[in-house]
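Structural description and commentary
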Amino acid sequence: MAGSHEPGAPAEGGAAASDRLKSWQGGPRLGTAYYNEYLPGGADDRAARLETDLRLMTDAGITCIRVGESVWSTWEPRDGEFDLEWLTPVLDAAHAHGIDVILGTPTYAVPPWLARAHPELAVVRKDGTSVPWGGRQEIDYTSELFRGYAERVIRAVVGRHGRHPAVIGVQLDNEAGLHLIHNEHVVTRFRDWIADRYGDVDTLNRAWGLTYWSHRISDWEELWAPAGNTTPAYDLAWRRFQAELTADFIGWQADLVRPLVADDTFLTTCIAYQRPAMDDVAVGARLDIASGNAYYLAQDALDLEREGAGGQWYADDVPQLVLMADRMRATRQGPFLVTETGAASIGPASLTRPPYDGQLAQAAWLLVARGARLVSYWHWHTLHSGAEVHWGGILGHDLEPGRIHAEVAAIGRQFAAAAPWLTDAEPDADVGLMYAHDSEWMMSFEPPLPGAAGVGDRGSYARIVGAFGRAAIDAGLQVGFLNDRQLPDAGELVRRYPVLVVPGLIAASDPTLETLVEYARRGGRLVIGPRTGYGDDEGRMRAARAPAILGAAAGVGYREFTALAEPVEVVRDGVVVGQAAGWIDGLEVDGLEVDGAEVLLGYRHPLFGRWVAVTRRDVGAGSITTVGTLLDRATLADVVKDAAGPASLAGPLPERAATVTAHSLAGAQGCVWVVHNWSPEPRTVSLAGDVASVLDDAVHRAGTEVELAPWDVRVWREA
């Protein structure tokens, strides 16, 4: 179909990629961002401090540092004048201490001389204003002029240091995709991109429904600029295009850097997953291993019984942190590196919440349990100047080791003890959770959920997916993220995930929906959430009863829907069991061409009471559960648990308290369980099998009860 969106390229495979990752297969490692150049004082003071820092890192079990990506103006203080030797002592000393280095290309923070010489390189926003210089990521990285400067500094820095024996990887740029770039040449390029995909304007007019409001075009030059756009299909194409620009920029850097480094040096980039121009699967396809940010609020936000607001650049509750890690793994469906996570605190002064005792270890082990090979803290020392002076590092402003350093050192010892048991270990998944950038972008353009001051919440899609992911976690299931770009055939999908949750999939092609139906027929337990199957992959609303294709198999359909101003009571057999909020698809089971589904939940309401909230229907060897709303946390967890059936993760803890989670990894040495008590209160667990700690060899026999301390984490293997 003209204009249909092609899936992202498959992740790189083969021996070359495997060889570049050998150093990450031996179990988890600790790391930190280290900027000796940021330390106060002169060059002599920083040089004198270097040995102390590396010794303290070694004491803490830190075996990897990240350097160089933020200081273009230090590498190139004036146009064409390079200072490349200041990093050499850091690399030499790290190598002498047995510490590996990830070297960054400095292209995300441009020097003032470049911004001053070429103000036309500033990113133009939707409203026509330019992003002023003074922060970072202000530059249009699609510009050939900018890329000339960027290539020069990349070749200089990586050419000088890329083959240093300490350097095991190169980070390409940093947190790309911050802006949707509206510079004139980018809009022109977008018109060409559209023309190439649709071939002629008549095809585009039909595909986007441009008869509406007299938007039909007769020439490609008439395709208006995105700043004035009101057409959903246009916006979806614009977002896809912008994400391609980001992936192209990272791929361009990868092509530059690869010849400058050794064959076994891996390439990565630090992904900020919330960026508006980020398709992490497309970016991941250009990397050897995925890397990203895993920030979270500590203290009481890590009580599993609490529910955060969501939609932030950080997780503000436990399920969000779990899902954050699982999404990082899904970028390449394999191990990943956490290049940034919080040490003492994150963000500005108002977010300063240093972790309670034990919480650093909890977060580190959660990330490892979901596939992280590196947990790297931002940053080594708390900065003394700049925008991040309250972003607490492993060392404080006094540069002396304290509580945080001691806790990190304890984690380092734990990682070292566990490494033999975690070599090549892969996380298990009981349930797949589908995520789709197209649906995210469509809901950003036309949000279904209410936000502040009566404005739709542009983070609606993340809220919907997060609610269903939280429900799976509350149901005791381990989640595996699956981007719709990565959807395999139905047979493989059943093999990977006995349960698949697909919430909010408003933008979907016919083949995608048909695969989901076939998944159920082959024995999969499919759970679909609100808005799923309503639109197509062009961003148009389907001319069919919803949910398209899925509805016929699920035995349910709807014509009406409503955004909710207030919660609505949800009933089972006339008894109130919970609440619906945010949105309702008006599901009906009568008047269909197939036998209707079993009604599990309905509404108590004078209008909405004619609709049903949750249905289930057997389909072939499997089933489809349809959820037409956002249920309260406990009710949605019950629905997902019921749809999933018995959890596949039995292990030593088939029953556990509500604040206790268990994640498992399978490796050459057998199964390892990472057990958390996300609570300020102690919890007792009863063991169904013998286990031994991989951290201290303590053995606990089946039938015994083990007390988990507040904010506790245990790492057990089969005894």
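Here the residue numbering is sequential within each chain, running from 1 through the sequence in written order. Per-residue local features are limited, in this predicted model, to residues with pLDDT of at least 70; the limit for side-chain atom pairs, both in listing and counting, is 80 or more; totals at the level of whole chains, interfaces and linings are taken over all residues. The side-chain values count all of the structure's non-hydrogen atoms but skip hydrogen atoms and water molecules.

**Regarding the overall build of the chain**
To keep things clear, this is the line we draw: Secondary structure elements follow DSSP: runs of H or I of four or more residues count as helices, runs of E of two or more count as strands, with numbering from the N terminus. Atoms counted for the radius of gyration: C-alpha only. Globule rule: 2.2 Å times residue count to the power 0.38. We call a residue buried when its accessible area falls under 20% of the maximum for its residue type, exposed when it is over 50%, and partly exposed in between, using a 1.4 Å probe and counting protein chains only.
Assigned secondary structure in the chain consists of 19 helices and 28 strands. Computed over its C-alpha atoms, the radius of gyration of the chain comes to 26 Å, within 12% of the 27 Å expected for a compact globule of 719 residues. In terms of overall dimensions, the chain has a C-alpha envelope of 80 × 75 × 50 Å along the principal axes. For the chain, the residues scored as buried account for 60% of the 719 residues in total.

**A look at the environment of Glu 400**
Here Glu 400 is to be found in the loop between strand S9 (372-377) and helix H13 (403-422). Sequence-wise, Glu 400 and Leu 56 are 344 residues apart; in three dimensions their C-alpha atoms are separated by 9.5 Å.

**Remarks on the nonpolar core**
What counts, and what does not: Throughout, nonpolar core names a set of buried Ala, Val, Leu, Ile, Met, Phe, Trp, Tyr and Cys residues whose side chains join them through atoms within 4.5 Å. Two residues form a contact once any of their heavy atoms are found within 4.5 Å.
Counting residues in hydrophobic clusters, the biggest one holds 212 residues, and the most contacted among them are Phe 146, Ile 194, Trp 208, Tyr 377 and Leu 526. No other element matches helix H9 (residues 232-257), which puts 15 residues into this core. Tyr 377 has contacts with Leu 30, Gly 31, Thr 32, Ala 33, Thr 341, Gly 342, Ala 343, Leu 360, Ala 364, Ile 394, Val 408 and Ile 411, leaving out every residue within four places of it along the chain. Core analysis: the second largest hydrophobic core is formed by 12 residues, Trp 673, Val 675, Val 685 and Val 706 among them.

**Observations concerning the sheet that holds S9**
Basically, it comes down to this: By this definition, two strands are paired if DSSP reports at least two bridges between them.
What the 9 strands build is an open sheet, ordered S5-S4-S3-S2-S1-S9-S8-S7-S6; its pairing is parallel. In this open sheet, the two edge strands, each paired with only one partner strand, are strand S5 (266-268) and strand S6 (270-271). The pairing of S6 with strand S7 (residues 290-293) spans 2 bridges and is classified as parallel. Its bridge partner lying in S7, Ile 271 is registered against Gly 292.

**Side note on the packing of H9 against helix H14 (residues 437-445)**
Note the following rule: Whenever a helix is involved, its axis is fitted only over the stretch in contact; in every case the axis is a line through C-alpha atoms, and angles between N-to-C directions fall within 0 to 180 degrees. Just so you know how the angles are binned, under 35 degrees is roughly parallel, over 145 roughly antiparallel, 65 to 115 roughly perpendicular, and the rest oblique. Helix crossings fall into two classes, left-handed where the near helix is turned counterclockwise from the far one by less than a right angle and right-handed where it is turned clockwise. Residues are grouped as follows: Ala, Val, Leu, Ile, Met, Phe, Trp, Tyr, Cys and Pro are nonpolar; Asp, Glu, Lys and Arg are charged; all remaining types, including Gly, are polar.
It is at 9 Å that the axes of H9 and H14 come closest, and there the two elements cross at 130°. It follows that H9 is oblique to H14 by the angle criterion. When you trace H9 past H14, the crossing you get is right-handed. Where H9 approaches H14, its residues Pro 232, Asp 235, Leu 236, Arg 239, Arg 240 and Ala 243 are matched on the opposing element by Asp 438, Trp 441, Met 442, Ser 444 and Phe 445. Tallied by class, residues from the contact of H9 with H14 come to 6 nonpolar, 1 polar and 4 charged.

**Points about the pairing of strand S2 (residues 62-67)**
Looking along a regular strand, one sees side chains alternate from face to face of the sheet. Threshold: For the handedness criterion, the strands are oriented away from the viewer, and a crossover whose path from the first strand over the helix to the second runs clockwise is classed as right-handed.
A large share of S2 lies buried, amounting to 5 of its 6 residues. Judged from the 4 bridges that link them, strand S1 (residues 29-33) and S2 form a sheet pairing that is parallel. Following the sheet pairing, Leu 30 is matched in S2 by Ile 62. In this fold, S1 hands off to helix H2 (residues 43-59), which returns the chain to S2; that crossover is right-handed.

**Here's the deal with the confidence of the model for the chain**
The following threshold applies: The pLDDT value expresses, per residue, how confident the predictor is, ranging between 0 and 100.
Here the chain shows a mean pLDDT of 94. Residues at 70 or above account for 96%. Within the model, pLDDT remains below 50 along residues 1-14, and this stretch shows 29 contacts once partners closer than five positions in the same chain are excluded.

**A look at helix H12 (residues 359-369)**
Residues separated by three or four positions in an α-helix point in the same direction, a consequence of the helix having 3.6 residues per turn. With 11 of its 11 residues buried, H12 lies for the most part within the structure. Every buried residue of H12 is accounted for by Gln 359, Leu 360, Ala 361, Gln 362, Ala 363, Ala 364, Trp 365, Leu 366, Leu 367, Val 368 and Ala 369. Positioned one or two residues after H12, Gly 371 has a phi angle of 115°, which is positive.

**Observations regarding unusual backbone geometry**
Looking along the chain, the bond that leaves Trp 378 and enters His 379 is cis, with omega of -5°. For the peptide bond that leads from Ala 546 to Pro 547, omega is -10°, which places it in the cis range. Tracing the backbone through its elements, the reader meets Pro 547 in the loop between strand S14 (525-528) and helix H18 (550-554). In this structure, Asp 173 takes a positive phi of about 55° despite not being glycine. Structurally, Asp 173 is set in the loop between strand S4 (167-171) and helix H7 (184-198). Assessed through its relative accessible area of 3%, Asp 173 is described here as buried.

**What to know about helix H17 (residues 510-521)**
Basically, it comes down to this: A helix is expected to reach a length of 1.5 Å times the quantity of its residues less one.
For H17, built from 12 residues, the straight-helix expectation of 16 Å at 1.5 Å per residue is met to within 8% by its first-to-last C-alpha distance of 17 Å. Thr 512, Leu 513, Thr 515, Leu 516, Val 517, Tyr 519 and Ala 520 are the residues of H17 that are buried. With its phi angle positive at about 115°, Gly 523 sits one or two positions after the end of H17.

**Comments concerning the environment of Arg 485**
For the record, the criterion: N or O atoms closer than or at 3.5 Å make up a polar contact, with two conditions inside protein: a donor-capable atom paired with an acceptor-capable one, and, for residues adjacent in sequence, both atoms drawn from side chains.
Secondary-structure assignment places Arg 485 in the loop between strand S12 (479-483) and helix H16 (490-496). Sequence separation between Arg 485 and Asp 537 is 52 residues; the distance between their C-alpha atoms is 12 Å. There is a polar contact of 3.5 Å between the side chain of Arg 485 and the side chain of Asp 484.

**With respect to the pattern of salt bridges**
Quick reminder of the rule: Salt bridges, as used here, are contacts in which a Lys or Arg side-chain nitrogen is within 4 Å of a carboxyl oxygen on Asp or Glu.
For the structure on display, the rule yields 43 salt bridges. In this structure, Arg 66 engages Glu 69 in a salt bridge whose closest nitrogen and oxygen atoms are separated by 3.5 Å. A single salt-bridge network, built from bridges that share partners, covers Arg 240, Asp 279, Asp 438, Asp 484 and Arg 485.

**So, the packing of H14 against helix H15 (residues 460-474)**
Angle between the axes and distance between the axes: these two values describe a pair of packed helices. Where H14 meets H15, the closest approach of the two axes is 7 Å, and the angle between their N-to-C directions is 130°. It follows that H14 is oblique to H15 by the angle criterion. Together, Ser 439, Glu 440 and Met 443 of H14 and Ser 460, Tyr 461 and Ile 464 of H15 make up the contact between the two elements.

**Section: the pairing of S4**
In terms of burial, S4 is largely enclosed, as 5 of its 5 residues are buried. In the sheet, strand S3 (residues 100-104) pairs with S4 via 4 bridges, with the strands oriented parallel. For Val 101, the partnering residue across the bridge sits in S4 and is Val 167. With 3 bridges joining them, S4 and S5 adopt parallel strand pairing. Residue pairing across strands places Gln 171 opposite Thr 268, the latter belonging to S5.

**Here's the deal with the side chain of Arg 49**
Of note, Arg 49 is situated in helix H2. A relative accessible area of 15% places Arg 49 in the buried class. Discounting chain neighbours no more than four positions away, the residues touching Arg 49 are Leu 39, Leu 56, Leu 395 and Leu 399.

**Some thoughts on the packing of aromatic side chains**
Quick note on the threshold: Each Phe, Tyr or Trp ring, with Trp reduced to its six-membered ring, pairs with another whose centre is within 6.5 Å; inter-plane angles below 30 degrees give stacked pairs, above 60 give edge-to-face pairs, and intermediate values give tilted ones. We count a charge as sitting over a ring when the NZ of a lysine or the CZ of an arginine lies within 6 Å of the ring centre and within 35 degrees of the ring normal.
All told, the structure shown has 30 aromatic pairs when counted by the stated rule. Taken together, a centroid distance of 4.9 Å and an interplanar angle of 35° make the contact between Tyr 35 and Tyr 38 tilted. Here the aromatic cluster, defined as three or more aromatic residues joined through ring pairs, consists of Phe 190, Trp 193, Tyr 198, Trp 208, Trp 224, Tyr 234, Trp 238 and Phe 241. Across from the ring centre of Trp 252, 5.0 Å away, lies the NZ or CZ of Arg 147, which sits over that ring. It is Arg 531 that lies over the ring of Phe 561; its NZ or CZ is 4.6 Å from the centre.

**Comments concerning the sheet that holds strand S22 (residues 660-667)**
Read from one edge to the other, the open sheet built from 6 strands follows the order S10-S22-S23-S28-S25-S26, with strand pairing classed as antiparallel. The open sheet terminates on both sides in strands that have one partner only, identified here as strand S10 (426-427) and strand S26 (699-700). Relative to strand S28 (residues 712-718), strand S23 (residues 670-677) runs antiparallel, the two being bridged by 6 bridges. Following the sheet pairing, Trp 673 is matched in S28 by Trp 716.

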